[in-house]
Amino acid sequence: MKKPSQNEVIGKYIHDLRVKNKMTLKELGDKVELSPGFLSQLERGYTTFSLNTLTALAEVFKEDLSSFFLKSSDNDQEPYVARSYNRKNLRLSKEFEQYTLFSSIHSQKVITELCNIYPQRQDCEEVIFCHAQEEIIFLLNGCLKVFLSGTGYILNPHDSIYIPPNAEHSWKNMTDSTVTVLSLVINA
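Asker: Pulling in residues and values, what's your account of the nonpolar core?
Answerer: Note that soluble globular proteins tend to have their nonpolar side chains buried in a common cluster. If you look at the biggest cluster of nonpolar residues, it comprises 16 residues, and the most contacted ones within it are I10, I14, L28, L54, L57, F61 and F68. At the level of secondary structure, the elements contributing two or more residues to this core comprise α1 (6-20), α2 (25-32), α3 (36-43), α4 (51-61) and α5 (67-70). Once you skip the residues sitting within four places of it in the chain, L28 turns out to touch R18, M23, L39, L57, V60 and F61.

Put into structure tokens, the structure is as follows:
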């Protein structure tokens, strides 16, 4: 049996959320400003999607953006192992790359993510995060400046910072090399 593509897995998840919320394709399309035809193709895995589309869908369904990627099926041969070559990659910005470390094997109470934050560029956009979950960021290497509710904190290797729910935060790589952080997002 052929393993479904990531588009097919995410599409089925979107379909299941729409049905669970008792919405028609037209009703969902009106909320996210997409045609019912496009949404139908998206649900069947026939088309690709943008991060903006997934963000709009996450807002409508009151889901965390990462939940779309956590539904992807893992290797059934090793249900308790997340292999680096099989890790789900979610690039949120030109400035960093984010990977989920585990998907189906944990209870979804804690989402573990590995983020590679690239050196700061002149034309870089500042990405500001704000979410309902608590988060702990642990710096694995490099030097990172974390902005939390308007205050900047410098983190060195093995430092960590607690991000309270609904607190605006962002970060800036303070080095010429890629900085790696481990992020634990705690769902209530």
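Asker: Which residues make up unusual backbone geometry, and what values do they have?
Answerer: Even without a glycine there, the phi angle at K22 is positive, about 55°. Mapped onto the secondary structure, K22 falls in the loop between α1 and α2. The backbone phi angle of H158 is positive, close to 75°, even though this residue is not glycine. Within the element layout of this structure, H158 appears in the loop between β6 (151-155) and β7 (160-163). In this structure H158 comes out as exposed when scored by relative accessible area, which is 56%.

Asker: I'd like to hear about the sheet that holds strand β5 (residues 144-148), residue by residue, with values.
Answerer: Strand order in the open sheet made by the 3 strands is β6-β5-β8, with antiparallel pairing throughout. The strands lining the two open edges of the sheet, one partner per strand, are β6 and β8 (169-173). For this sheet the average axis-to-axis angle between neighbouring strands, irrespective of direction, equals 25°. Inspection of the sheet shows β5 paired to β6 by 5 bridges, in the antiparallel sense. Across the sheet, residue F147 finds its bridge partner in β6, namely G152.

Asker: Could you give me a rundown of the packing of aromatic side chains, with the residues and numbers involved?
Answerer: Tallied over the entire structure, the rule returns 1 aromatic pair. Ring plane angle 50° and centroid distance 5.3 Å describe the contact between F129 and W171, whose orientation is recorded as tilted. Remark: W171 occurs in strand β8 and F129 occurs in the loop between β3 (110-117) and β4 (134-141); sequence separation between them is 42 residues. A single burial state applies to F129 and to W171, both of which are buried.

Asker: Report on the side chain of N173, specifying residues and quantitative values.
Answerer: Locating N173 in the fold gives a position in strand β8. With a relative accessible area of 3%, N173 lands in the buried category. A polar contact is formed between the side chain of N173 and the backbone oxygen of Y118, at a distance of 3.2 Å. Leave out the neighbours within four places in its chain, and N173 touches I117, Y118, P119, Q120, C143, L144, T178 and V179.

Asker: I'd love a proper account of the pairing of β4, names of residues and values included.
Answerer: Examined bridge by bridge, β4 and strand β9 (residues 179-186) share 7 bridges and lie antiparallel to one another. The residue bridging I137 from the neighbouring strand is S183, located in β9. Bridging between β4 and β7 involves 4 bridges; their strand directions are antiparallel. The partner of I136 across the bridge, within β7, is Y162.

Procedures and definitions
Residues numbered from 1 in each chain as written. Predicted model: local features only at pLDDT ≥ 70, side-chain atom pairs only at ≥ 80, totals over all residues. Heavy atoms only, no water. Core = buried A, V, L, I, M, F, W, Y, C linked by side-chain atoms within 4.5 Å. Buried < 20%, exposed > 50% of the residue type's maximum accessible area, 1.4 Å probe, protein only. Helix = DSSP H or I, 4+ residues; strand = E, 2+ residues; numbered from the N terminus. Contact = heavy atoms within 4.5 Å. Pairing = 2+ DSSP bridges. Axes fitted to C-alpha atoms, helices over the stretch in contact; angles between N-to-C directions. Phe/Tyr/Trp six-rings, centres within 6.5 Å; stacked < 30°, edge-to-face > 60°. Polar contact = N/O pair within 3.5 Å; in protein donor to acceptor, adjacent residues only side chain to side chain.

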